[in-house]
Amino acid sequence: MNSCQGFSRRSFFASAAAISGAAMLSSATKAEDEKVSEKPDSFMASHPMLQNVGETSASISWAINRPCTGWVEWGVTPELGKVARNSQFGLNPYETDFLSARITGLAPRTTYYYRTATCSFDYKTAYDKTISEPEYSDIYSFKTVGASDEETSFFVMNDTHNTMQTIQALIKRAEDLNPDMIFWNGDLCSFYMEPEHIKTNICNPTGTPYVAQRPLVYVPGNHDRRGQWARNVPKCLTTWQQEDVQFESLGFNSAFRRGPLACITLDTGEDKPDWHPAWSGMANYEPYRELQAAWLEKVLQRPEIQSAPYLIAFCHIPLYFDNPKANPGNILDKWATIQWPAARMWGPLFEKYGVQLLIAAHLHRFSYHPATAERSWAEIIGGGPEFKNAYSIQGVANSKEFKLTCEKIEDLSIAGSWTFKPRV
């Protein structure tokens, strides 16, 4: 794993921030059997990844290339001054592939600064350990969301399936456009047999801090569930915290307001029924989708969502397709074209609460389905992993209009552009 550029080492004891950040190690470093090591190469395998940015909290994760502990230093100025750690049951983190921390107690529409700190931490025995100096990322900034921003923008990519040329081209285009947030709408990789699939294809595909200052919004796809390591994906692609304990298991569902735009993310799960022999009894998506329906009706009634001029939703598998013979996802034959079990629960709620647009993926080809008299919401579907068939979906919303554009990445030609007026 190549180390990333832009990282700096500071003395373990010279910096007050480092002392604060390493307070959890202070008593340990006094023991004779614990030594500060000096390793010439980086402990970090990626730049920080900013995620789950809401009004009052945000998450940051980063890849590492050896057993480490770490934390995030943050504040309202570049001087930072506060520390966030992913402690559980009284223990600070000790990980081999990814570290993360959630910052809480933030204010809406406020700019914050942060950096990550990483210490290599090697156990020989319970009391014989080797601890490195902290290694710091650069200092980055981000802004929490809120309803009163005048304009917002986003960039969507999907179905990248480990295809590095496509991933790099999409990220390069996103960096050129500089949107407020990036949605990765499922099937980031084809399968997850080991953490290297995430490190290479998601955390550090370009060697740039492409989501260090703008949030990455992860929407799971069916392929993101496949492989022995798939259950560990949240170590890197961190989950949202639900306010209602009833929905605490819905970590990949989000509802947030950014300026005039309200965004909802849903998880369609796998593209075959739970009882399909391919899953060997390991799938349980039917009750998961039902719980999301209850969650969806509740969040769509939240005042900041209902008052938004524009309301859009994201999910990986489409909820509508214009072929009446499309595979509904609840039969044994082949794989779902649409996720009909989800569509029959979620679609009526889209109608009831005024969702204007669903951004979907999965079919590896671009298509757009305008709203009709029978279906009040439009649906756009992105392209596929092959570079010649890769598309981005871009949105810009202000008080007057929400403009949606689909662009072919190969030559940056416009596949289509649509305008939505504010909801009445």
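Residues numbered from 1 in each chain as written. Predicted model: local features only at pLDDT ≥ 70, side-chain atom pairs only at ≥ 80, totals over all residues. Heavy atoms only, no water.

So, about the overall build of the protein chain. From N to C terminus, the protein chain includes 7 helices and 23 strands. In terms of C-alpha radius of gyration, the protein chain reaches 22 Å, essentially the compact-globule figure of 22 Å for 424 residues. Each principal axis of the C-alpha atoms in the protein chain carries an extent, and together these give about 75 × 50 × 45 Å. If you take every contact in the protein chain between residues at least 6 apart in sequence, the share linking residues at least 24 apart comes to 71%. Charge-centre separation for the protein chain: the mean point of 40 positive side chains lies 2 Å from the mean point of 47 negative side chains. (Helix = DSSP H or I, 4+ residues; strand = E, 2+ residues; numbered from the N terminus. Rg over C-alpha atoms; globule rule 2.2 N^0.38 Å. Contact = heavy atoms within 4.5 Å. Lys, Arg positive; Asp, Glu negative; His and termini not counted. Charge placed at Lys NZ, Arg CZ, Asp CG, Glu CD.)

With that out of the way, let us pick up unusual backbone geometry. In this structure, Arg109 is a non-glycine residue whose phi angle is positive, near 55 degrees. Accessibility expressed as a relative area gives 35% for Arg109, which makes it partly exposed. A positive phi angle is found at Lys334, which is not glycine, with a value near 55 degrees. Following the sequence through the fold, Lys334 ends up in the loop between strand E17 (310-314) and helix H7 (340-353). (Buried < 20%, exposed > 50% of the residue type's maximum accessible area, 1.4 Å probe, protein only.)

Confidence in the prediction of the protein chain, expressed as mean pLDDT, is 91, and 91% of residues score 70 or more. Confidence drops under pLDDT 50 across residues 1-39; counting only partners more than four residues distant or on other chains, this segment forms 93 contacts. (pLDDT = per-residue confidence, 0-100.)

Tallying each qualifying case throughout the model produces 1 cavity of 30 Å³ or more. Of the volumes computed, that of the largest cavity is approximately 40 Å³. Lining of the largest cavity is provided by Val53, Val145, Met181, Pro215, Val217, Trp240, Phe256 and Arg258. Taken together, the residues that form the lining of the largest cavity break down as 7 nonpolar, no polar and 1 charged. (1 Å grid on protein atoms, 1.4 Å probe; cavity = no way out; pocket = protein on both sides within 12 Å on 5 of 7 lines; lining within 4 Å. Points joined across faces, edges and corners; volume = space filled by probe spheres on them. Nonpolar A, V, L, I, M, F, W, Y, C, P; charged D, E, K, R; others polar.)

Here the focus is helix H4 (residues 196-203). Judged by how many residues are buried, H4 sits mostly within the fold: 6 of 8 residues are covered. Check the buried side of H4 and you find it contacts strand E3 (49-51), strand E4 (58-63), strand E7 (98-103), helix H3 (164-177) and strand E13 (181-185).

At their nearest, the axes of helix H5 (residues 285-299) and H7 sit 9 Å apart, and the two run at 5 degrees to each other. Our classification of the angle between H5 and H7 gives roughly parallel. When H5 is examined against H7, the residues Arg289, Glu290, Gln292, Ala293, Leu296 and Glu297 are found in contact with a partner set consisting of Ala342, Met345, Trp346, Leu349, Phe350, Lys352 and Tyr353. Grouping the amino acids of the contact of H5 with H7 by side-chain chemistry returns 8 nonpolar, 1 polar and 4 charged. (Axes fitted to C-alpha atoms, helices over the stretch in contact; angles between N-to-C directions. Parallel < 35°, antiparallel > 145°, perpendicular 65-115°, else oblique.)

Moving on to the packing of aromatic side chains. Evaluation of the coordinates by the stated rule reveals 21 aromatic pairs. Taking 5.7 Å as the distance between ring centres and 10 degrees as the angle between the ring planes, the aromatic pair formed by Trp240 and Phe256 counts as stacked. Residue Trp240 is found in the loop between strand E14 (216-219) and strand E15 (254-258), and its partner Phe256 is found in strand E15; the two are separated by 16 residues along the sequence. For the residue pair Trp240 and Phe256, the accessibility class agrees, reading buried in each case. Judged by centre distance (4.2 Å) and plane angle (20 degrees), the rings of Tyr368 and Trp418 are stacked. You can see Tyr368 sitting in strand E19 (residues 367-369) and its partner Trp418 sitting in strand E23 (residues 414-420), a full 50 residues away along the chain. Its relative accessible area of 18% is what places Trp418 among the buried residues. Linked through ring pairs, Phe154, Phe183, Tyr310, Phe314, Phe402 and Phe420 together constitute an aromatic cluster. The ring of Trp377 is capped by Arg375, whose NZ or CZ atom sits 5.5 Å from the centre of that ring. (Phe/Tyr/Trp six-rings, centres within 6.5 Å; stacked < 30°, edge-to-face > 60°. Lys NZ or Arg CZ within 6 Å of the ring centre and 35° of its normal.)

In terms of burial, E15 is largely enclosed, as 5 of its 5 residues are buried. The two faces of E15 match: Ser254, Phe256 and Arg258 on one face and Ala255 and Arg257 on the other face are all buried. Looking at chain direction, E15 and strand E16 (residues 261-265) are connected through 5 bridges and run antiparallel. Bridge pairing in E16 links Arg257 to Ala262. (Pairing = 2+ DSSP bridges.)

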